[in-house]
Amino acid sequence: MSIRKIEHVGVMVKDMDASLAFYQQVVGMELIRRMTVPAGGLELAFLGFPGAEETQVELIQGYPKALPEEGKVHHIAFTVDDIEEEWNRLKQLNVSFQDEEITTLPVGRYFFVHGPDGEWIEFFEPKK
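Please read all numbers here as calculations on a predicted model, not as lab measurements. (Residues numbered from 1 in each chain as written. Predicted model: local features only at pLDDT ≥ 70, side-chain atom pairs only at ≥ 80, totals over all residues. Heavy atoms only, no water.)

**With respect to the sheet that holds strand β6 (residues 103-105)**
So, step 1. As summarised here, the arrangement of the 4 strands in space is β5-β8-β7-β6, forming an open sheet in which the pairing is mixed. Where the open sheet ends on each side, the last strands, each with one partner, are β5 (75-79) and β6. The average angle at which neighbouring strand axes cross in this sheet is 30°, direction not considered.
So, step 2. As judged from the 3 bridges shared by β6 and strand β7 (residues 108-114), these two strands associate in the antiparallel manner. For L105, the partnering residue across the bridge sits in β7 and is G108.
So, step 3. Against the sheet, helix α2 (residues 83-92) makes contact with β7 and β8 (120-126), and its axis sits at roughly 15° relative to β7, the strand it touches most. (Pairing = 2+ DSSP bridges. Helix = DSSP H or I, 4+ residues; strand = E, 2+ residues; numbered from the N terminus. Axes fitted to C-alpha atoms, helices over the stretch in contact; angles between N-to-C directions. Contact = heavy atoms within 4.5 Å.)

Here it is, written out as C-alpha cells:
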C-alpha cells in the first residue's frame, strides 16, 4: 500500500479570519498558504507547525449553509509535551473548554477545547 500519512484535515469554518487567528494564536500553527477556489467560491487556508511538514490543517470557508452538522470534522488532535502547561496557557487565553479536567488514559493524557465554529480540538500528551 502506498498510503504513508495523513495529508491534512479539512475543517469547515464560518469566518476565515477568526479561525486563522484561533489556530495561529491558540494552537501555534503558521499560515502556509491562503487561496480562493475560482469554481465554487470557496476560500482555503492551510496551516502547519513551524519546521514540520507532516501536519496540516485546511480551513474551508464558503460551503452552503445547508451542509449538515456531521459535515464538520469531529475533532483534531495535537500532540503536546506538557499537558498541564497547555491547560494553563489556554486558560489564560479564555478558550472554551469541553473538559473540566485533564483525562488520563493508559496511553496518555488529554483534554478538549472548542474552536471558533464549535469544532473540538484535542490536546494530547502521549505516555512517556
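After presenting the structure, the write-up continues.
**A word on the packing of aromatic side chains**
So, step 1. What the rule picks out here adds up to 9 aromatic pairs.
So, step 2. A ring pair is formed by F22 and Y23, whose centres lie 5.4 Å apart and whose planes are at 80°; its orientation type is edge-to-face.
So, step 3. Note on F22: relative accessible area 12%, which makes it buried.
So, step 4. Judged by centre distance (5.7 Å) and plane angle (80°), the ring pair of Y110 and F112 falls under edge-to-face.
So, step 5. The class for F112 is buried, based on a relative accessible area of 10%.
So, step 6. Connected via pairs of aromatic rings, a cluster forms that spans F49, F78, W87, F97, F111 and F123.
So, step 7. Positioned above the aromatic ring of F46, the side-chain terminus of R33 is 4.5 Å from the ring centre.
So, step 8. Between the NZ or CZ atom of K91 and the centre of the ring of F97, over which it lies, the distance is 4.4 Å. (Phe/Tyr/Trp six-rings, centres within 6.5 Å; stacked < 30°, edge-to-face > 60°. Buried < 20%, exposed > 50% of the residue type's maximum accessible area, 1.4 Å probe, protein only. Lys NZ or Arg CZ within 6 Å of the ring centre and 35° of its normal.)

**Here's the deal with the environment of V13**
So, step 1. Mapped onto the fold, V13 is located in strand β1 (residues 9-13).
So, step 2. On a C-alpha basis, the gap between V13 and P116 in space is 8.0 Å, while along the polypeptide they are 103 residues apart.
So, step 3. When sequence neighbours within four positions are dropped, the list of residues in contact with V13 reads S19, L59, I60, Q61, G62 and D117.

**What to know about helix α1 (residues 16-25)**
So, step 1. Taken residue by residue, α1 has M16, S19, L20, F22 and Y23 as its buried positions. Taken end-on, α1 shows its buried residues confined to a sector of 160°, consistent with a single buried face. Turned more than 90 degrees away from the buried face of α1 sit D17 and Q25, all of them exposed.
So, step 2. One side-chain oxygen at the N-terminal end of α1 lies 3.1 Å from the backbone nitrogen of D17; it belongs to D15. (Arc of directions from axis to C-beta. Polar contact = N/O pair within 3.5 Å; in protein donor to acceptor, adjacent residues only side chain to side chain.)

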